[in-house]
Amino acid sequence: MSLEKRTYSISELASEFDVTTRSIRFYEDQGLLKPERKGQTRIYSSKDRVRLKLILRGKRLGFSLAESRELFDLWDETESGSERQLLKMLETLAQKQAQLEQQVKDIQMAKIELDSAHTRCQAALQELRQNKSADAQDSPKPGQDTNPNASLH
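This is a predicted model, so every value here is computed, not measured.

### Observations concerning the overall build of the protein
Then step 1. A tally of regular secondary structure across the protein gives five helices and three strands.
Then step 2. Each helix and strand of the protein, placed in order from N terminus to C terminus, yields the pattern β-α-α-β-β-α-α-α.
Then step 3. Split into buried and exposed, the 153 residues of the protein put 22% on the buried side.
Then step 4. Pairs at least 24 apart in sequence give 51% of the contacts found in the protein among residues at least 6 apart.
Then step 5. Carbon together with sulfur atoms contributes 54% to the accessible area of the protein, which is approximately 12,000 Å² in total.

See below:
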């Protein structure tokens, strides 16, 4: 006999997965979780717990809630999933991988642009400081006559 708990309260799931009870209720409103009710109390099954885990994993992988729902719906059609569900999952994973690859390229390009801007700013700052230093050396000192012909009079 399994000692695994068969039902969970909303606060137990929230604590286990470090999410708010509001998030869990939102997933329920979206039709992703289907707890039983005893009066006002929600009773979540092991299936709901697994679904919540999959929803959160999907979010980390960039899945929308609609994509998660579609995969759940395909899974619910059979006891152990289906070829259709697995093909859909593979298609969705390929799309997410392509999106991530594009994001990596975008980040690399942004880094190159930031490095270039940084180099240009450093050069401009160095030039500005050199010009200030040269101007300060050419400036007359206090009490010094600025007329080069003054000593000739």
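### A look at the sheet that holds strand β1 (residues 7–8)
Sheet strands associate in pairs through backbone hydrogen bonding, adopting either a parallel or an antiparallel arrangement.
Then step 1. If you trace the three strands from one edge of the open sheet to the other, you get β1-β3-β2, paired in antiparallel fashion. Across the chains shown, the open sheet's two edge strands, defined by having one partner strand only, are β1 and β2 (36–38).
Then step 2. Alignment of β2 against strand β3 (residues 41–45), held across three bridges, turns out to be antiparallel. Looking at β3, one finds that E36 is bridged to I43.

### Here we look at helix α3 (residues 46–61)
Then step 1. Helix length check: α3 (16 residues) gives 23 Å between terminal C-alpha atoms against 22 Å at 1.5 Å per residue, within 8%.
Then step 2. One side-chain oxygen at the N-terminal end of α3 lies 3.3 Å from the backbone nitrogen of K47; it belongs to S45.
Then step 3. The first or second residue beyond α3 is G62, which carries a positive phi of 95 degrees.

### Thoughts on the side chain of K96
Then step 1. One can find K96 in helix α5 (residues 83–138).
Then step 2. Since its relative accessible area comes to 9%, K96 is described here as buried.
Then step 3. Of the polar contacts made by the side chain of K96, one reaches the backbone oxygen of G62; its length is 2.8 Å.
Then step 4. A polar side-chain atom of K96 sits 3.0 Å from a polar atom in the side chain of E67.

### Observations concerning the pattern of salt bridges
Then step 1. In the structure shown here, the tally under the stated rule is seven salt bridges.
Then step 2. In this structure, E16 and R49 form a salt bridge, with 2.5 Å as the shortest nitrogen-oxygen distance. A residue pair is termed long-range when its members are at least 10 positions apart, and E16 in helix α1 (residues 10–17) and R49 in helix α3 qualify at 33 residues.
Then step 3. The partner of K111 in a salt bridge is D115, and the shortest N-O contact between them spans 3.1 Å. A residue pair is termed a helical-turn pair when its members lie 3 or 4 positions apart in one helix, as K111 and D115 do in helix α5 at four residues.
Then step 4. Salt bridges sharing common partners tie together E28, R37 and R42.

### Thoughts on α5
Then step 1. Counted at 1.5 Å a residue, the expected span for α5 with its 56 residues is 82 Å, and the 82 Å between its end C-alpha atoms agrees.
Then step 2. Within the span of α5, buried status applies to Q85, K88, T92 and K96.

### Examining the side chain of E28
Then step 1. Looking at where E28 falls in the secondary structure, it is placed in helix α2 (residues 21–29).
Then step 2. Ignoring sequence-local partners within four residues, the contact set of E28 consists of L33, P35, R37, R42 and Y44.

### Comments concerning the layout of surface pockets
Then step 1. Here the largest pocket defines a volume of roughly 400 Å³.
Then step 2. Lining the largest pocket are 16 residues, and of these L54, L71, F72, Q85 and M89 lie nearest its centre.
Then step 3. Here the lining of the largest pocket takes seven residues from α3, the largest share from any one element.
Then step 4. Of the residues contributing to the lining of the largest pocket, the split by class is nine nonpolar, three polar and four charged.

Calculation rules
Residues numbered from 1 in each chain as written. Predicted model: local features only at pLDDT ≥ 70, side-chain atom pairs only at ≥ 80, totals over all residues. Heavy atoms only, no water. Helix = DSSP H or I, 4+ residues; strand = E, 2+ residues; numbered from the N terminus. Buried < 20%, exposed > 50% of the residue type's maximum accessible area, 1.4 Å probe, protein only. Contact = heavy atoms within 4.5 Å. Areas by Shrake-Rupley, 256 points an atom, 1.4 Å probe, with all protein chains shown as cover. Pairing = 2+ DSSP bridges. Expected span 1.5 Å × (residues − 1). Polar contact = N/O pair within 3.5 Å; in protein donor to acceptor, adjacent residues only side chain to side chain. Salt bridge = Lys/Arg side-chain N within 4 Å of Asp/Glu carboxyl O. 1 Å grid on protein atoms, 1.4 Å probe; cavity = no way out; pocket = protein on both sides within 12 Å on 5 of 7 lines; lining within 4 Å. Points joined across faces, edges and corners; volume = space filled by probe spheres on them. Nonpolar A, V, L, I, M, F, W, Y, C, P; charged D, E, K, R; others polar.

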